[in-house]
Amino acid sequence: MNRWLAGQIFWPLTERLIGRDTMRRYRQLRASDHDAVSAITARQTAKLRRSLMLADAHSPFYRRRFRAAALDPRDPDLGLDTLARLPLLNRADVRDHLDEMTWRDCPGGPARVYSTGGSTGEPLRFYIDRCRQAADWAARWRARDWWNLRPGDREIMLWAGPSSGTTPGRLRVWRDRLLNQSVLDAFDMTAETMASYAARIRSVRPRLLYGYASSLALLARHMLKTGDTLADRQSPRAVFVTGETVTPRDSSDIQAAFGARVVIEYGSRDCGFLAGACPAGRLHVADENVIVEVLDPAGRPVGPGEVGEVVVTCLEAFASTLIRYRLGDLAQVPPEAGRQLDGRCVCGRASRQLLEVRGRLTDQIVCRDGDSIRHMHALSIIYVLREAEGLRQFRVVQDSLRDLDIEVVADDRFTPAVQAAVLRDIRQRMGPDVAVRITRRDRIAPTAAGKHACVISNVEMCRA
Ligand SMILES: [Zn+2]
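Peer 1: What's the story with the domain arrangement of the chain in this structure? I'm lost.
Peer 2: If you check the domain split of the chain, you get domain 1 (1-112 + 126-360) and domain 2 (364-463). Using only C-alpha atoms to locate each centre, domain 1 and domain 2 end up separated by 27 Å. In this assembly, 14 residues from domain 1 lie in contact with 11 residues from domain 2. Ranked by residue count, the leading element in the side of domain 1 that touches domain 2 is helix α9 (residues 213-225), at three residues. Looking at the side of domain 1 that touches domain 2 residue by residue, the classes come out as seven nonpolar, four polar and three charged.

Peer 1: Just to check I follow, could you spell out the sheet that holds strand β17 (residues 391-400) for this structure?
Peer 2: A sheet is described by the order of its strands in space; here four strands give the open sequence β19-β18-β17-β20, paired in mixed fashion. Either end of the sheet is taken by a strand with one partner, and the two such strands are β19 (435-440) and β20 (455-457). Looking at each pair of strands side by side, their axes are set apart by 15° on average, direction ignored. Of the pairings in the sheet, the one linking strand β18 (residues 403-410) to β19 comprises six bridges and is parallel in character. If you follow Leu-404 over to β19, its bridge partner there is Val-436. Running at roughly 150° to β19, helix α12 (residues 416-430) makes contact with β18 and β19 of the sheet.

Peer 1: I'm lost on the nonpolar core in this one. Help?
Peer 2: One recurring pattern in soluble globular proteins is that nonpolar side chains are buried together. Counting 111 residues, the largest nonpolar core has Leu-216, Leu-219, Val-239, Leu-274, Val-290, Val-312 and Ile-381 as its most contacted members. Examining the composition of this core, we find that eight residues originate from one element, helix α6 (residues 130-145), more than from any other. Split by domain, this core shows at least three residues from each of two domains, domain 1 (1-112 + 126-360) and domain 2 (364-463). Apart from the residues lying within four places of it in its own chain, the contact partners of Leu-216 are Leu-158, Leu-209, Gly-211, Val-239, Val-241 and Ile-254.

Peer 1: What should I look at first to understand the packing of α9 against helix α10 (residues 248-258) in this one?
Peer 2: Relative to each other, α9 and α10 sit at 50°, their axes nearing to 8 Å. Classified by the angle between their axes, α9 and α10 sit oblique to one another. For the element pair α9 and α10, the recorded crossing hand is left-handed. When α9 is examined against α10, the residues Ala-213, Ser-214, Leu-216, Ala-217, Ala-220, Arg-221, Met-223 and Leu-224 are found in contact with a partner set consisting of Asp-250, Asp-253, Ile-254, Ala-256, Ala-257 and Phe-258. The residue inventory of the contact of α9 with α10, partitioned by class, reads 10 nonpolar, one polar and three charged.

Rules and cut-offs
- Residues numbered from 1 in each chain as written.
- Predicted model: local features only at pLDDT ≥ 70, side-chain atom pairs only at ≥ 80, totals over all residues.
- Domains from an automatic or database assignment.
- Contact = placed C-beta atoms within 7 Å.
- Helix = DSSP H or I, 4+ residues; strand = E, 2+ residues; numbered from the N terminus.
- Nonpolar A, V, L, I, M, F, W, Y, C, P; charged D, E, K, R; others polar.
- Pairing = 2+ DSSP bridges.
- Axes fitted to C-alpha atoms, helices over the stretch in contact; angles between N-to-C directions.
- Core = buried A, V, L, I, M, F, W, Y, C linked by C-beta atoms within 7 Å.
- Buried ≥ 20, exposed ≤ 12 C-beta atoms within 10 Å, placed from the backbone.
- Parallel < 35°, antiparallel > 145°, perpendicular 65-115°, else oblique.
- Left-handed = near helix turned anticlockwise from the far one by under 90°.

Shown next, in the form of structure tokens:
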């Protein structure tokens with residue numbers, strides 16, 4: 001597809017058909033990309049006041065919180081520092097008060113149910129609206145702008161493949177074609193498929209590659225091992241990695257195989273797109289859409305160069321709005337207070353900056369496929385678990401090619417029928433020779449690796 005047609009006609013058109021005003025937001029974000037700190041603060045204050053007022057009007061849960069904190073969302077003196085008066089929002093708060101938090105006829109509605117929590121091992125359901133989706137896509141493309149990439153540029157994603165044979169799957173394939181995008185299945189990584197993925201990338205010559213960090217690293221190592229790396233003229237402008245922490249080894253292998261910079265995109269299903277890396281290596285928060293706080297254990301903002309917990313307030317999400325939500329990641333703020341040189345990064349942007357995010361780590365699950373070995377991103381298992389009714393927490397451990405053990409903490413809604421359906425789905429993904437077991441527990445103790453390791457594979461080939 002012609003790049004201009006894809007980016008200027010089909011992208012805005014398909015977004016409009018889905019009900020998202022993404023193009024308008026994308027233009028706005030590009031215009032505010034180099035705003036001064038004072039303009040950023042003024043805009044965030046106005047949007048925060050709007051979010052608090054809407055939450056007050058439509059959510060009994062937040063109304064109670066505001067009363068308890070003696071906070072009046074209509075107070076004309078309300079500023080960004082007001083946030084500190086509100087308690088943090090835990091996953092359990094969202095789980096236990098979802099109905100009271102949710103505004104079903106919100107802007108961008110009706111609200112649609114959404115599952116998340118895969119990478120923390122604590123599934124969570126909440127509602128999202130089209131405003132948030134449009135804001136996410138606009139911010140994602142603004143961050144790609146920094147790498148001289150535009151909507152319509154050829155893109156290959158190493159991602160969960162569209163389910164073939166279904167109507168949404170077929171629509172997705174058509175839409176991808178119109179937009180110059182295509183998907184390689186990250187849940188099906190064998191020596192054979194990886195060779196075909198490398199060949200595909202070589203022939204399509206995408207301007208950008210996008211995918212799970214661990215899956216791209218697996219493909220990169222396969223290409224390095226077989227001497228199948230890309231030549232200079234075949235390299236994309238950048239390889240965008242997301243969804244999990246990228247290790248230094250992953251990063252250098254990806255760079256060596258594809259001949260392009262590895263660029264981190266930081267986001268989550270709960271909060272959407274949060275930040276993208278600029279060419280100077282800083283992660284710039286999409287301040288127009290979210291307020292990101294980095295807090296110490298006492299709930300105070302951490303100092304320059306320190307690491308703290310990421311807490312997010314959504315400014316463009318209205319269905320189950322999140323105010324001071326504990327995302328569960330750790331981030332490091334820049335050492336020089338972040339607000340010197342008028343708060344600007346060397347790239348010229350004054351948006352909130354993070355140096356590094358330490359978040360989720362997921363292993364690749366490994367299966368035997370006849371005589372060959374197949375790797376699947378852990379999300380292939382997580383997708384099944386996070387949709388299960390009544391599942392509060394889980395951990396998946398793979399100790400051998402023949403075994404997969406799943407520990408779960410669940411309530412009454414996790415009936416024998418639900419458990420049987422989960423087992424069936426996972427067995428289908430793992431193949432017939434694997435013994436999949438589910439064990440119910442009262443609690444799941446954190447491992448030495450911390451709570452983020454909710455899928456652990458001890459099969460050596462996973463890291464090969
Ligand atoms: Zn920068």
